[in-house]
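# Survey of secondary and tertiary structure
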Amino acid sequence: MASRKGIGGRPTKMTSETIKKLEEAFALGCSDGEACFYADISKQTLYNYQKENPKFLDRKEALKERPIFVARKSLVTGVEQVLRRFI
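Fair warning: this is a prediction, and the values are worked out from it, not measured in the lab.

### Describing the overall build of the chain
Counting secondary structure elements, the chain contains 4 helices and 0 strands. Reading the helices (α) and strands (β) of the chain from amino to carboxyl end gives α-α-α-α. In terms of C-alpha radius of gyration, the chain reaches 19 Å, well past the compact-globule figure of 12 Å for 87 residues. Principal axes of the C-alpha set define a box for the chain whose edges measure 75 × 25 × 15 Å. Each of the 87 residues in the chain was classed as buried or not, and the buried ones make up 22%. Considering only residue pairs separated by 6 or more positions, the chain has 50% of its internal contacts joining residues 24 or more positions apart. Total accessible area on the chain stands at roughly 7,100 Å², and carbon and sulfur atoms take up 57% of it. Once the 17 positive and 11 negative side-chain charges of the chain are each reduced to a mean point, those two points are 2 Å apart.

### A word on the nonpolar core
In terms of nonpolar packing, the biggest core is built from 15 residues, with Met14, Leu22, Phe26, Ile41, Leu46 and Phe56 touching the most fellow members. If you list the elements that add at least two residues to this core, you get helix H1 (16-27), helix H2 (32-39), helix H3 (43-52) and helix H4 (54-86). In terms of residues, this core owes the most to one element, H1, which gives 5 residues. Setting aside residues no more than four positions away along its own chain, Met14 makes contact with Ile19, Leu22, Ile41, Thr45 and Tyr49.

### Notes on the packing of aromatic side chains
Describing an aromatic ring pair means giving the distance of the ring centres and the angle of the ring planes. With the rule as written, the count across this model stands at 1 aromatic pair. Ring centres of Tyr49 and Phe56 lie 5.2 Å apart, and the angle between their planes is 75 degrees; on these two criteria the pair is classed as edge-to-face. An identical accessibility class is assigned to Tyr49 and Phe56; each is buried. Lying over the aromatic face of Tyr38, Lys21 brings its terminal NZ or CZ to 5.7 Å of the ring centre.

### A few points about the packing of H1 against H2
Two numbers describe how H1 lies on H2: the axes approach to 9 Å, and their chain directions differ by 140 degrees. Relative to H2, H1 is oriented oblique. Seen along the crossing, H1 lies across H2 with a hand that is right-handed. Every residue of H2 that contacts H1 at Thr18, Lys21, Leu22, Glu24, Ala25 and Phe26 is listed here: Asp32, Ala35, Cys36, Tyr38 and Ala39.

Reading guide: rules and limits
Residues numbered from 1 in each chain as written. Predicted model: local features only at pLDDT ≥ 70, side-chain atom pairs only at ≥ 80, totals over all residues. Heavy atoms only, no water. Helix = DSSP H or I, 4+ residues; strand = E, 2+ residues; numbered from the N terminus. Rg over C-alpha atoms; globule rule 2.2 N^0.38 Å. Buried < 20%, exposed > 50% of the residue type's maximum accessible area, 1.4 Å probe, protein only. Contact = heavy atoms within 4.5 Å. Areas by Shrake-Rupley, 256 points an atom, 1.4 Å probe, with all protein chains shown as cover. Lys, Arg positive; Asp, Glu negative; His and termini not counted. Charge placed at Lys NZ, Arg CZ, Asp CG, Glu CD. Core = buried A, V, L, I, M, F, W, Y, C linked by side-chain atoms within 4.5 Å. Phe/Tyr/Trp six-rings, centres within 6.5 Å; stacked < 30°, edge-to-face > 60°. Lys NZ or Arg CZ within 6 Å of the ring centre and 35° of its normal. Axes fitted to C-alpha atoms, helices over the stretch in contact; angles between N-to-C directions. Parallel < 35°, antiparallel > 145°, perpendicular 65-115°, else oblique. Left-handed = near helix turned anticlockwise from the far one by under 90°.

See the structure below:
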């Protein structure tokens, strides 16, 4: 019997708008729960989507690192500016 995955049933909540909201939240460093709340989906919906789309999981993990990178960059820039005043 052929698989009927994606045929019939409830429409997916993982629309392009939902994914955009998730990416926005992850780029702010939100947890999975916070991102799911913002995107109005359950964590299980997110985990099911990640299982079917491993590239999205990689992107999620990269986006979660963004706030740390931005903070580090700001810190280094600030220190460099202070040092220039003394050199």
